[in-house]
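Summary of structural features
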Amino acid sequence: MVLVNNGFLSLPGNYLFSEIARKVESYKNLHPDADLIRMGIGDVTRPLAKAVTDAMHEAVSDMSVAETFKGYGPEQGYGFLIEKIIENDFVQRGIEIAPDEVFISDGCKSDMGNIGDLFARENTVAVTDPVYPVYVDSNVMGGRAGSLLKSGKWNNIIYLPCTAENGFIPDLPESPVDIIYLCFPNNPTGTTLKKNELKKWVDYALEAGSLILFDAAYEAFISEEDVPHSIYEIEGAKNCAIEFRSFSKSAGFTGIRCGYTVVPKNITAGSASHGKGNLNSLWRRRQATKFNGVSYVTQKAAEAVYSDEGRKQCKDNIDYYMENAAIIRDCLKSVGLEVFGGINAPYIWFRTPGKRDSWGFFERMLSEIQVIGTPGVGFGPSGEGYMRLTAFGSKEDTVVAMSRFKSWNI
Ligand code: MLT
């Protein structure tokens, strides 16, 4: 008999954003004329930068000529893109990264989900709470999460609450952990850590021999000084952290798919039977076996993000979204809500009035003002009583959604 991976069977219900899509679809079926405004999933709406689409057109032309046609690309990604990444994202911030430490992929979500392949089931995993659901769900699939408790927590996962009460700054774990997921600027709360706060985590990991999986997908939205764009700005991080980056939000690639992961060559992990494993070599082996790389056209598109025009045009889109974020923040505050995030990230996190349950508030927003948000509890137990809105919509929709909030008897 075929035996299934029990991890999959123990996952409750649907993936968060699939569940929201299902609820919205059933609402739409009952109310086909409803003018819904989507501020749930963080999906971009601005078209790609012209520099990017020009590069894609050129790359398509390359593919139509025998001399420039490309089949399988280099396993880790094309050198032309890796070079640009290193120069722009790291060297300019005083960080040295070697070309064979960068792995181009189809996005941060896949890499954050797949990285678990490298780690034994026995590892103890810590997540900030609320948290991007991929980190927890992929550990459930990998057999590291244990069982789901009534509280909504998995008994083998250590949850580090991030709430208004602690300023969304997680405390260091009280018991030893092996793998720590950090995402800053944070999805979902839109808040972030200053350099000295992130340093505490790097110091902790170095001392405890833990590994930090650092999701920096939203670094392009940072507007304040002293907020690290990369964990490698912190001394010692190259000995204890893997960093995940994405072009999805910074350059509008949610539909194109491209990101990259930095796995420093000096990070090792133990094994009871085989001595130490080098994570860079293991990730290379994993990717070479299970992944055939990102298309040439896509990597050319990503390269263009770093051209002068590409940088300017992508920055214009980021500014556009952050103007939406300011509109959302101001409006929600003006109606008396407690509002967080939206300054260094495109997400606005707010407390439901009277700390009402998140799914109940989601339903009310949907049925009473036809605005779709994401229930905070969908990101973890500490998200209960909060909602998340995204700034990735059009300005017009954002303004209309906020006017609905203003005239709503919350
Ligand atoms: C979100 O809404 O949290 C993100 O869009 C999800 C993702 O990036 O996969």
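To keep things clear, this report deals only with the structure shown in the data block.

1. A closer look at the overall build of the protein
- Secondary structure assignment for the protein yields twelve helices and 15 strands.
- Since a compact globule built from 410 residues should have a radius of gyration of about 22 Å, the 21 Å found for the protein is in line with a globular shape.
- Projecting the C-alpha coordinates of the protein onto the three principal axes gives extents of approximately 60 × 55 × 55 Å.
- Burial statistics for the protein: of 410 residues in total, 53% are counted as buried.
- Long-range pairs, those at least 24 residues apart, make up 73% of the contacts in the protein with a sequence separation of at least 6.
- A total accessible area of about 18,100 Å² is found for the protein, and carbon and sulfur atoms account for 51% of it.
- Of the side chains in the protein, 42 bear a positive and 51 a negative charge, and the two mean positions are spaced by 3 Å.

2. Focus: the pairing of strand S9 (residues 268-271)
- Relative to strand S10 (residues 275-278), S9 runs antiparallel, the two being bridged by four bridges. Opposite Ser271, over in S10, you have Gly275 as the bridge partner.
- As consecutive antiparallel partners, S9 and S10 are separated by three residues.

3. Examining the nonpolar core
- Grouped together as the largest cluster of nonpolar side chains are 76 residues, with contacts concentrated most on Leu332, Phe350, Met365 and Phe405.
- Sorting elements by how many residues they give to this core places helix H10 (residues 308-334) first, with eight residues.
- If we ignore the near neighbours within four places in the chain, the residues touching Leu332 are Leu337, Val339, Ile348, Phe350, Leu389, Met402 and Phe405.
- Counting 53 residues, the second-largest nonpolar core is a separate cluster that includes Val102, Ile104, Ala216 and Ile234.

4. As for the site of the ligand
- Within the structure, the ligand sits among Phe17, Ile41, Gly42, Lys109, Tyr132, Asn187, Lys249, Tyr347 and Arg388.
- Separating an oxygen atom of the ligand from a side-chain N or O atom of Tyr132 is a distance of 2.5 Å.
- In this structure, an oxygen atom belonging to the ligand sits 2.7 Å away from a side-chain N or O atom of Arg388.
- Contact with the protein chains hides 85% of the accessible area of the ligand, taken as 260 Å² for the molecule alone.
- Looking at side-chain class alone, the shell around the ligand contains four nonpolar, two polar and three charged residues.

Quick notes on the rules
Residues numbered from 1 in each chain as written. Predicted model: local features only at pLDDT ≥ 70, side-chain atom pairs only at ≥ 80, totals over all residues. Heavy atoms only, no water. Helix = DSSP H or I, 4+ residues; strand = E, 2+ residues; numbered from the N terminus. Rg over C-alpha atoms; globule rule 2.2 N^0.38 Å. Buried < 20%, exposed > 50% of the residue type's maximum accessible area, 1.4 Å probe, protein only. Contact = heavy atoms within 4.5 Å. Areas by Shrake-Rupley, 256 points an atom, 1.4 Å probe, with all protein chains shown as cover. Lys, Arg positive; Asp, Glu negative; His and termini not counted. Charge placed at Lys NZ, Arg CZ, Asp CG, Glu CD. Pairing = 2+ DSSP bridges. Core = buried A, V, L, I, M, F, W, Y, C linked by side-chain atoms within 4.5 Å. Near = heavy atom within 4 Å. Polar contact = N/O pair within 3.5 Å; in protein donor to acceptor, adjacent residues only side chain to side chain. Nonpolar A, V, L, I, M, F, W, Y, C, P; charged D, E, K, R; others polar.

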